[in-house]
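What follows is the residue order along each chain.
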Amino acid sequence: MSDCIFCKIVNKEVPTNFIYEDEEIVAFNDINPQAPIHILVIPKKHISSLVELNKNDENLIGRIFGVINEIAKKEKIDKSGFRVIMNCGEDAGQEVKHLHFHILAGKKLGTKII
Ligand code: AMP
Ligand code: ZN
């Protein structure tokens, strides 16, 4: 999608340091971190949100969680813990309409979900 900031990051139109990259998935630091470690993991393919997923994407979503596991070990937060957040739609405050998973870590996170 030409006007999507995350597609521009994937296409390297917006230079971004990738923490992880493979043929389907990239991860990079959030520009406005909400915790000492705040990483975004996204599919390269433009999927606007969770509700746009279809059956063919199930393997990709499983792979994203595998990548999150790998990143957690690489960033050494696998033992201390971390939170994964995915916002979907307006009430959740989804700002970027390209599916993404936040990894938050590096401090004691609040115990409340909202
Ligand atoms: P959400 O509210 O779940 O849509 O989160 C979107 C996230 O994308 C926010 O945490 C933003 O700080 C982050 N973000 C927006 N633009 C960029 C960018 N160019 N590089 C890195 N992170 C970004
Ligand atoms: Zn996109």
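Residues numbered from 1 in each chain as written. Chains lettered and ligands numbered in written order. Predicted model: local features only at pLDDT ≥ 70, side-chain atom pairs only at ≥ 80, totals over all residues. Heavy atoms only, no water.

*Asks:* Is there a simple way to explain the pairing of strand 2 (residues 25-29) in this structure?
*Replies:* Burial within strand 2 is extensive, with 4 of its 5 residues counted as buried. Of the strand pairs in this sheet, strand 1 (residues 18-21) and strand 2 are connected by 3 bridges, and their pairing is antiparallel. Across the sheet, residue Phe 18 finds its bridge partner in strand 2, namely Phe 28. Turn length for the strand 1-strand 2 hairpin, with the two strands adjacent in sequence and antiparallel, is 3 residues. By the bridge criterion, 5 bridges tie strand 2 to strand 3 (residues 37-43) in an arrangement that is antiparallel. Within strand 3, the position partnered with Val 26 by the bridge is Ile 42. (Buried < 20%, exposed > 50% of the residue type's maximum accessible area, 1.4 Å probe, protein only. Helix = DSSP H or I, 4+ residues; strand = E, 2+ residues; numbered from the N terminus. Pairing = 2+ DSSP bridges.)

*Asks:* Help me understand the site of ligand 1, please; the structure alone is not making it clear to me.
*Replies:* Near ligand 1 there are 16 residues, and of these Asp 30, Asn 87, Glu 95, His 100 and His 102 occur at the shortest range. Asp 30 has a polar side-chain atom sitting 2.5 Å from an oxygen atom of ligand 1. Backbone polar atom of Ile 31 to a nitrogen atom of ligand 1: 3.1 Å apart, as the coordinates give it. Judged by the proximity of its atoms to the pocket grid, ligand 1 belongs to the largest pocket. Residue assignment for the shell around ligand 1 shows that the elements contributing at least two residues are helix 1 (5-10) and strand 2. Of the residues forming the shell around ligand 1, the biggest block, 3 residues, is contributed by helix 1. (Near = heavy atom within 4 Å. Polar contact = N/O pair within 3.5 Å; in protein donor to acceptor, adjacent residues only side chain to side chain. 1 Å grid on protein atoms, 1.4 Å probe; cavity = no way out; pocket = protein on both sides within 12 Å on 5 of 7 lines; lining within 4 Å. Sits in = over half its atoms within 2 Å of the grid points.)

*Asks:* Is there a simple way to explain the coordination of the zinc ion (ligand 2) in this structure?
*Replies:* Any two of four tetrahedral donors ideally make an angle of 109.5 degrees at the metal, while pairs among six octahedral donors ideally make 90 or 180 degrees. Protein coordination at the zinc ion (ligand 2) comes from Cys 4 (SG), Cys 7 (SG), His 46 (ND1) and His 98 (ND1), with a distance range of 2.1 to 2.3 Å. For the zinc ion (ligand 2), the 4 donor atoms in the first shell make angles of 104 to 117° at the metal, so the coordination geometry reads as tetrahedral. (Donors = N, O, S within 2.8 Å, 3.2 Å for Na, K, Ca; no water. Tetrahedral: all angles 85-135°; square planar, octahedral: opposite > 155°, others 65-115°.)

*Asks:* Any chance you could explain a nonpolar patch on the surface here in plain terms?
*Replies:* A contiguous nonpolar patch, built from Phe 65, Phe 82 and Val 84 and spanning about 240 Å² of accessible area, is present on the exposed surface. Looking at the secondary structure, you find Phe 65 in helix 2 (residues 58-74). (Patch = residues over 30% accessible without salt bridge, like charges linked within 9 Å, V, L, I, M, F, W, Y side chains within 5 Å. Areas by Shrake-Rupley, 256 points an atom, 1.4 Å probe, with all protein chains shown as cover. Salt bridge = Lys/Arg side-chain N within 4 Å of Asp/Glu carboxyl O.)

*Asks:* For this particular structure, what's the right way to read the layout of surface pockets?
*Replies:* With a probe scaled to a water molecule rolled over the atoms, the places where space remains empty come into view. Counted as a void, the largest pocket has a volume near 540 Å³. In terms of lining residues, the largest pocket is bounded by 23 residues, among which Asp 30, Ile 31, Leu 40, Glu 95 and His 102 are the most central. Those elements giving two or more residues to the lining of the largest pocket turn out to be helix 1, strand 2, strand 3 and strand 5 (101-105). It is helix 1 that contributes the most residues to the lining of the largest pocket, 3 residues altogether. Across the lining of the largest pocket, the residue classes break down as 11 nonpolar, 10 polar and 2 charged. Taken together, Gln 34, Ala 35, Arg 83, Val 84, Ile 85, Asn 87, Leu 104, Lys 107, Leu 109, Lys 112 and Ile 113 make up the lining of the second largest pocket. Examining the composition of the lining of the second largest pocket, we find that 3 residues originate from one element, strand 4 (residues 82-85), more than from any other. For the lining of the second largest pocket, a count of residues per class yields 6 nonpolar, 2 polar and 3 charged. (Points joined across faces, edges and corners; volume = space filled by probe spheres on them. Nonpolar A, V, L, I, M, F, W, Y, C, P; charged D, E, K, R; others polar.)

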